[in-house]
Amino acid sequence: MLRTHTCGELNLDHTGITVTLSGWIQRSRDLGGMTFIDLRDRYGITQLVFNMETNAVLCESARRLGREFVISVTGTVAERSNKNLKIPTGEIEIIVNRLEVLNSSKIPPFTIEDNTDGGDELRMKYRYLDLRRNPVRDNLLLRHRMAIETRNYMNNVGFIEVETPVLIKSTPEGARDFVVPSRMNEGQFYALPQSPQTFKQLLMVAGFDKYFQIVKCFRDEDLRADRQPEFTQIDCEMSFVTQDDILSTFEGLTKYLFQTVKGVDIEALPRMTFADAMKYYGNDKPDIRFGMTFVEITDLVKGKDFKVFDDASLVAGINAAGCASFTRKQLDALTDFVKRPQLGAGGLIYVRYNEDGTLKSSVDKFYSEEELKKWAEVFGAKPGDLMLILAGDAVKTRKALSELRLEMGNLLGLRNPEVFAPLWVVDFPLLEWDDETQRYYAMHHPFTSPKPEDIPLLDSDPGKVRANAYDLVINGVEIGGGSIRIHNKDLQKKMFTILGFSDEDAQAQFGFLMNAFEYGAPPHGGIAFGFDRMCSLFGGSDSIRDFIAFPKNNAGCDVMIDAPAPIKQEQLDELKLVINIQDQRE
Ligand code: ASP
């Protein structure tokens, strides 16, 4: 037997018994007469003792072992004189009388410690070593629990998990498809699913009623820090439901996961319309762990010869309670923050409401203290507060103010990752106008149903149509999104027309779905959660990569297996593919 116990389970109750353990050498200390080795496996660390006096040969062998060697030892559990109460096995040690080296190890390129000296690239190249580190392993254990508990909950409320294919054709979720050439069908390509959207809808037509799947999806997007080209969704669909039914079912899942995985009780989730989210937070994924909601003073401030305000379509701000004492330097830093090219604000206007009741602003030249007092009333500001105001084009100003609000939240320590504030954002617009291509795009996807009362607007004012679409937002992060779907062929056809598809294109791409709608499609709707992101949120981290066993880097590459990579000419020939890339070196 290579082990009778794991390295995480022995304690004083086991004193005196003979055990066999196997694992990796975390570190060893040679104290002359004695050699100590910390033996590590997935479950923990156990101290091994080799004694020169009682077994010199064994002790000599132990001294020659290096870090990350794999060994198996047999020995007796003994109470430790020098106890380490920080770990569960810290009160015992194993007096070793048999040692077997199962494998040697090169010196690892970085230390296998909680705080390693390895940089990002190096750790990704040797991901199997990185995965030996406690924090990374713990992240994957958390992910496992999240998946198991999701399956438990979904199973308990009557959902069944169905696998949908990976080699399919395009499903529009607004990104580029990854494509796979078909050898058997020359010149033709599969697309990898951006989501199982159409299949889960077909499962509803098939009568499956409540479907879910923990599923890989693929989107060929320019990568940002928290995006991966392949990622995992908890994908769900239900029949014979209203929006309310879906929200309450998945509010249930959210609460259940917080309760079972984090031991956190979540109250009923507030619901906020998209319009309010934009008005009060400048963002469709508001972080509601803290207040500082937007206050609009556009009408109040015009006509005093202050050109910035007079020319602005929106003047709005936030009240930072207790921040009147911010120094000039702090205010300059905030000004630089909003003037960064990504935000592009012209400047930052501030009003200090001093403790003594006086008001002092950066626009004293244009506004009297009386006037500032009126602003303070609208802001709900008290002595000691600081009002921060931006002005300009409404869309840009909202965006910049939203970032400023989040920055203030960071500065004031209001964004504690151990506090969770989930909410539903509802009533999203159905369509989004794109200036560049001069056409509408589906804000969620083309299968989303307009609100029945807004359907007449589809012809007169499509931009105004609201959808039965919703997002789950937690701590300023979009965790999930979904909608009630169109289940009527004619309405679906109309949607494709509004989105600029010709009848032929719509039929060629989505004929299978519209045909299915002619065979008794039930009303249905669903949602999908970004599982990687959910895990990182539960783990208190911003980075989804830390919660994926083998993630890709920012360039979409796996540097460990070296993918993507060129393929052999024979493979290209077999696929009848001609690669036409100009050699850069020529
Ligand atoms: N398929 C959608 C997505 O991936 C989710 C849904 O509408 O259920 O965002």
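You'll find the structure just up there.
An account of the accompanying structure is given in this report. A quick note: this is a predicted structure, and the numbers were derived from the prediction, not measured.

**A short note on the overall build of the protein chain**
Helix and strand counts for the protein chain come out as 17 helices and 22 strands. When the backbone C-alpha atoms are referred to their principal axes, the protein chain occupies close to 95 × 75 × 65 Å. Per-residue burial over the protein chain gives 47% buried out of 586 residues. Of the contacts formed within the protein chain by residues at least 6 apart in sequence, a portion of 64% connects residues at least 24 apart. Approximately 29,300 Å² of the protein chain is accessible, and the part contributed by carbon and sulfur atoms is 50%.

**Re the nonpolar core**
Soluble globular proteins tend to pack their nonpolar side chains together in the buried interior. Residues Met146, Met154, Phe250, Trp424, Phe529, Met534 and Phe538 are the most contacted members of the largest nonpolar core, which totals 37 residues. Of the residues forming this core, the biggest block, seven residues, is contributed by helix H6 (residues 243-262). Non-local contacts of phenylalanine 538, meaning those with residues more than four positions away in its chain, are made with Leu142, Met146, Leu257, Phe258, Val261 and Lys262. Core analysis: the next-biggest nonpolar cluster, separate from the first, contains 25 residues, Met292, Ile318, Cys323 and Val338 among them.

**With respect to the packing of helix H10 (residues 328-339) against helix H12 (residues 394-411)**
Interhelical geometry of H10 versus H12 gives an angle of 140 degrees and a closest axis separation of 10 Å. Considered as vectors, H10 and H12 are oriented oblique to each other. In terms of crossing hand, the pair formed by H10 and H12 is right-handed. Residues Leu334, Phe337 and Val338 of H10 touch H12, and the partners they reach there are Glu403, Leu404, Glu407, Met408 and Leu411.

**Digging into the packing of aromatic side chains**
One pass over the structure, following the stated rule, counts 21 aromatic pairs. An angle of 65 degrees between the planes, with centres 6.0 Å apart, marks the rings of phenylalanine 501 and phenylalanine 510 as edge-to-face. Classification of phenylalanine 510 as buried rests on a relative accessible area of 0%. Members of the aromatic cluster, each reached through a chain of ring pairs, are Phe306, Phe309, Phe366, Tyr367 and Trp375. The residue whose ring lies beneath arginine 340 is phenylalanine 337, and the NZ or CZ to ring-centre distance is 4.3 Å. A cation over a ring is seen here: arginine 405 above phenylalanine 290, with NZ or CZ 4.0 Å from the ring centre.

**With respect to the packing of helix H4 (residues 134-156) against H6**
Helix-helix packing: each pair is described by the crossing angle between the helix axes and the interaxial distance. Relative orientation of the contacting elements H4 and H6 amounts to 135 degrees, with a least axis distance of 10 Å. Compared by their axis directions, H4 and H6 come out oblique. Read as a crossing pair, H4 and H6 show a hand that is right-handed. Residues Leu142, Arg145, Met146, Glu149, Thr150, Asn152, Tyr153 and Met154 of H4 touch H6, and the partners they reach there are Thr249, Phe250, Gly252, Leu253, Tyr256, Leu257, Thr260 and Val261. Split by residue class, the contact of H4 with H6 holds nine nonpolar, five polar and two charged.

**Focus: the site of the ligand**
The environment of the ligand is made up of 14 residues, and the closest members are Glu173, Gln197, Lys200, His444 and Arg485. With respect to the ligand, the side chain of histidine 445 contributes an N or O atom lying 2.9 Å from an oxygen atom. Between isoleucine 527 and the ligand, the recorded distance is 3.4 Å, taken from a backbone N or O atom to an oxygen atom. In isolation the ligand has 270 Å² of accessible area, and contact with the protein removes 92% of it. Secondary structure elements with two or more residues in the shell around the ligand: helix H5 (197-205), strand S21 (477-484) and strand S22 (524-530). Top contributing element to the shell around the ligand by residue count: S22, with three residues. Among the residues making up the shell around the ligand, the classes are represented as two nonpolar, eight polar and four charged.

**Points about the pairing of strand S16 (residues 386-392)**
Residues in a regular strand point their side chains to alternate faces of the sheet. Most of S16 sits out of view: six of its seven residues are buried. Sheet analysis places strand S13 (residues 314-320) next to S16, joined by seven bridges and oriented antiparallel. What sits directly across from valine 315, in S16, is alanine 391.

**Section: a nonpolar patch on the surface**
Side chains of Leu411, Leu412 and Leu414 sit close together on the surface and give an oily, nonpolar patch of about 230 Å² of accessible area. On the accessibility criterion, leucine 412 (31% relative accessible area) is partly exposed.

**Focus: H4**
Each turn of an α-helix holds 3.6 residues, which means side chains three or four residues apart point in the same direction. Between the first and last C-alpha of H4 there are 32 Å, a value that for 23 residues agrees with the 33 Å anticipated at 1.5 Å per step. Looking at H4, one finds that the buried residues are Val136, Arg137, Asn139, Leu142, Arg143, Met146, Ala147, Glu149, Thr150, Tyr153 and Met154. Packed against the buried residues of H4 are strand S2 (34-41), helix H3 (127-130), strand S9 (210-218), strand S10 (230-239), H6 and helix H16 (531-538). Of the residues one or two after H4, glycine 158 is the one with positive phi, at around 90 degrees.

**As for empty space enclosed by the protein**
Per the stated rule, a full pass over the model turns up two cavities of 30 Å³ or more. Looking at the largest cavity, its volume works out to about 50 Å³. Lining the largest cavity are Met124, Arg127, Phe550, Pro551, Lys552, Asn553, Cys557, Asp558, Val559 and Met560. Here the residues of the lining of the largest cavity sort into six nonpolar, one polar and three charged. Estimated volume of the second largest cavity: approximately 30 Å³. Every residue along the wall of the second largest cavity is listed here: Gln26, Arg67, Glu68, Thr111, Ile112 and Glu113. A class-by-class count of the residues in the lining of the second largest cavity yields one nonpolar, two polar and three charged.

**Observations regarding the pairing of strand S5 (residues 92-103)**
Pairing of strand S3 (residues 44-51) with S5, which is carried by two bridges, proceeds in the parallel orientation. Paired with valine 49 across the two strands is isoleucine 95, which belongs to S5. Note: strand S4 (residues 70-79) against S5, 10 bridges, orientation antiparallel. Considered in S5, the bridge of threonine 76 is made with isoleucine 95.

**Observations concerning the layout of surface pockets**
Of the volumes computed, that of the second largest pocket is approximately 490 Å³. Lining the second largest pocket are 17 residues, and of these Phe178, Val179, Leu192, Lys552 and Pro564 lie nearest its centre. Here the lining of the second largest pocket takes three residues from strand S7 (residues 179-181), the largest share from any one element. Per-class residue counts for the lining of the second largest pocket are 10 nonpolar, one polar and six charged.

Parameters and conventions
- Residues numbered from 1 in each chain as written.
- Predicted model: local features only at pLDDT ≥ 70, side-chain atom pairs only at ≥ 80, totals over all residues.
- Heavy atoms only, no water.
- Helix = DSSP H or I, 4+ residues; strand = E, 2+ residues; numbered from the N terminus.
- Buried < 20%, exposed > 50% of the residue type's maximum accessible area, 1.4 Å probe, protein only.
- Contact = heavy atoms within 4.5 Å.
- Areas by Shrake-Rupley, 256 points an atom, 1.4 Å probe, with all protein chains shown as cover.
- Core = buried A, V, L, I, M, F, W, Y, C linked by side-chain atoms within 4.5 Å.
- Axes fitted to C-alpha atoms, helices over the stretch in contact; angles between N-to-C directions.
- Parallel < 35°, antiparallel > 145°, perpendicular 65-115°, else oblique.
- Left-handed = near helix turned anticlockwise from the far one by under 90°.
- Phe/Tyr/Trp six-rings, centres within 6.5 Å; stacked < 30°, edge-to-face > 60°.
- Lys NZ or Arg CZ within 6 Å of the ring centre and 35° of its normal.
- Nonpolar A, V, L, I, M, F, W, Y, C, P; charged D, E, K, R; others polar.
- Near = heavy atom within 4 Å.
- Polar contact = N/O pair within 3.5 Å; in protein donor to acceptor, adjacent residues only side chain to side chain.
- Pairing = 2+ DSSP bridges.
- Patch = residues over 30% accessible without salt bridge, like charges linked within 9 Å, V, L, I, M, F, W, Y side chains within 5 Å.
- Salt bridge = Lys/Arg side-chain N within 4 Å of Asp/Glu carboxyl O.
- Expected span 1.5 Å × (residues − 1).
- 1 Å grid on protein atoms, 1.4 Å probe; cavity = no way out; pocket = protein on both sides within 12 Å on 5 of 7 lines; lining within 4 Å.
- Points joined across faces, edges and corners; volume = space filled by probe spheres on them.

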